[in-house]
Amino acid sequence: MRILVVEDEEGLAESLRRGLSAQGHWVETAYDGHRGLELALSGGPYDAVLLDVMLPGPGGHEICRRMRAHGDPTPVLMLTAKDGEHDEADGLDSGADDYLTKPFSFVVLGARLRALARRAGTAARPSTLQAGDLTLDPGARRCRRGERDIELTAREVGVLACLMEQPGRAVAKRDILDEVWDSPDAIDPNIVEVYVSSLRRKIDTPFGRRSIVTVHGAGYRLAPDGG
Ligand code: CA
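Residues numbered from 1 in each chain as written. Predicted model: local features only at pLDDT ≥ 70, side-chain atom pairs only at ≥ 80, totals over all residues. Heavy atoms only, no water.

Some thoughts on the coordination of the calcium ion
Each pair of donors in an ideal octahedron of six around a metal sits at 90 or 180 degrees, and each pair in an ideal tetrahedron of four sits at 109.5 degrees.
Reasoning step 1: Of the protein atoms, only D8 (OD), D52 (OD) and M54 (O) coordinate the calcium ion, at distances of 2.0 to 2.3 Å.
Reasoning step 2: In primary sequence terms, the donor set of the calcium ion follows D-x43-D-x1-M. Highlighted residues: D8 in the loop between β1 (2-6) and α1 (10-22) and M54 in the loop between β3 (48-52) and α3 (60-69), separated in sequence by 46 residues.
Reasoning step 3: A relative accessible area of 55% places M54 in the exposed class. (Donors = N, O, S within 2.8 Å, 3.2 Å for Na, K, Ca; no water. Helix = DSSP H or I, 4+ residues; strand = E, 2+ residues; numbered from the N terminus. Buried < 20%, exposed > 50% of the residue type's maximum accessible area, 1.4 Å probe, protein only.)

Structure below.
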C-alpha cells in the first residue's frame with residue numbers, strides 16, 4: 001500500500017516509516033500540518049493516510065475535512081495520544097474512517113490498515129510474500145520453496161503470512177493468534193506452536209533449512225533470507 005504518515009513526533013514518524021516499509025508498504029512522511037495537507041491533497045494517490053490529531057499548522061481533523069471537501073475518499077486513520085470519546089467523535093465527524101490511540105503496536109496498526117483497505121476495496125496484503133527462495137501467496141494459498149510447491153492448510157498459510165509480513169521481527173504467539181484465529185480469546189496461544197511445528201516440517205526440514213526461529217519469551221521470527 002502507498003501510505004502517507006503525518007506525524008510531528010519525528011521519532012514516531014520515523015519508526016512508523018521503518019515499520020510500515022518493513023511490511024512492504026511504500027511510505028511518505030510529513031512532520032507538520034502544512035506539508036501534510038499539501039501531500040494529502042496533491043501528493044498521492046495514497047491507499048491510506050495516517051494523521052496525527054495535534055500538529056503544527058492544520059491538525060489531523062482539519063486535513064481530513066479538507067480531503068473530504070475535495071472529494072478524496074482515501075481511508076484515513078487518525079492517531080492521537082488522547083483517548084477521550086470527544087476526540088474520537090471529532091475524528092469521525094471530520095470524515096476519518098478509524099481512530100487509533102497512541103501508543104499502539106504494529107500488529108494492531110497493520111490489522112487496522114488491512115481492515116481499512118478491505119473496506120476501500122484495495123488489496124492490502126501484497127499478493128506474494130517473499131523471504132529468500134520461500135514465497136507465499138496467501139490469497140491463492142500457494143507456497144513454494146525454490147521450484148517446489150508446498151501444500152499448506154489455510155491456518156498454516158495464515159501463521160506463515162503473519163511471520164513473512166514482518167521478516168526479521170519477533171512476532172508474539174498472542175499476536176499471531178489475534179491475526180489468524182476468529183475468536184482468539186477462547187484459544188490457548190500455545191496452539192500456535194502446533195502450527196509452527198507443522199510449518200517447519202513442510203517448509204524447512206525437507207530442504208535442510210531453518211526459516212522460523214523460536215525467540216524465547218517473545219515468539220517467532222522469520223529469517224528474512226528464508227533460512
Ligand atoms: Ca502531535
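Re the environment of P103
Reasoning step 1: Topologically, P103 is positioned in the loop between β5 (98-101) and α5 (106-120).
Reasoning step 2: Sequence-wise, P103 and T80 are 23 residues apart; in three dimensions their C-alpha atoms are separated by 8.6 Å.

A word on the domain arrangement of the chain
Reasoning step 1: As far as domains go, the chain holds domain 1 (2-123) and domain 2 (129-222).
Reasoning step 2: Listed by partner, the interface residues are seven residues for domain 1 and six residues for domain 2.
Reasoning step 3: For the pair domain 1 and domain 2, the two sides together bury roughly 610 Å², of which 45% comes from carbon and sulfur.
Reasoning step 4: Where domain 1 meets domain 2, there are two salt bridges.
Reasoning step 5: The interface formed by domain 1 and domain 2 contains two residue pairs in polar contact (both at pLDDT 80 or more).
Reasoning step 6: Considering every element that reaches the side of domain 1 that touches domain 2, the biggest residue donor is α5, with four residues.
Reasoning step 7: Looking at the side of domain 1 that touches domain 2, its residues break down into four nonpolar, two polar and one charged. (Domains from an automatic or database assignment. Contact = heavy atoms within 4.5 Å. Buried area = accessible area lost by both parts, 1.4 Å probe. Salt bridge = Lys/Arg side-chain N within 4 Å of Asp/Glu carboxyl O. Polar contact = N/O pair within 3.5 Å; in protein donor to acceptor, adjacent residues only side chain to side chain. Nonpolar A, V, L, I, M, F, W, Y, C, P; charged D, E, K, R; others polar.)

Brief notes about the nonpolar core
Reasoning step 1: Ranked by size, the top nonpolar core spans 26 residues in total, and within it L136, L152, L160 and I176 carry the most contacts.
Reasoning step 2: Looking at this core, the elements with two or more residues in it are β6 (129-131), β7 (134-137), α6 (154-164), α7 (173-180), α8 (191-204) and β12 (219-222).
Reasoning step 3: The dominant element in this core, judged by the number of residues it contributes, is α6, at seven residues.
Reasoning step 4: If near-sequence neighbours (up to four positions away) are discounted, I176 is found in contact with V159, C162, L163, V171, W181, V192 and Y220. (Core = buried A, V, L, I, M, F, W, Y, C linked by side-chain atoms within 4.5 Å.)

Things to note about the packing of α6 against α7
Reasoning step 1: It is the contact of α6 with α7, at a shortest axis distance of 10 Å, that shows an interaxial angle of 125°. By the angle between their directions, the pair α6 and α7 is classed as oblique. Handedness of the α6/α7 crossing: right-handed. Mapping the contact onto sequence places R155, G158, V159, C162 and L163 in α6 and I176, E179 and V180 in α7. (Axes fitted to C-alpha atoms, helices over the stretch in contact; angles between N-to-C directions. Parallel < 35°, antiparallel > 145°, perpendicular 65-115°, else oblique. Left-handed = near helix turned anticlockwise from the far one by under 90°.)

Some words on the packing of aromatic side chains
The geometry of an aromatic ring pair is captured by the separation of the ring centres together with the interplanar angle, meaning the angle of the planes.
Reasoning step 1: In this structure the tally under the stated criterion is one aromatic pair.
Reasoning step 2: Judged by centre distance (5.4 Å) and plane angle (70°), the rings of W181 and Y195 are edge-to-face. Of this pair, W181 sits in the loop between α7 and α8 while Y195 sits in helix α8; the two residues are 14 residues apart in sequence, bridging distant segments of the chain.
Reasoning step 3: The aromatic ring of F207 is capped on one face by R145, whose charged end is 5.8 Å from the ring centroid. (Phe/Tyr/Trp six-rings, centres within 6.5 Å; stacked < 30°, edge-to-face > 60°. Lys NZ or Arg CZ within 6 Å of the ring centre and 35° of its normal.)

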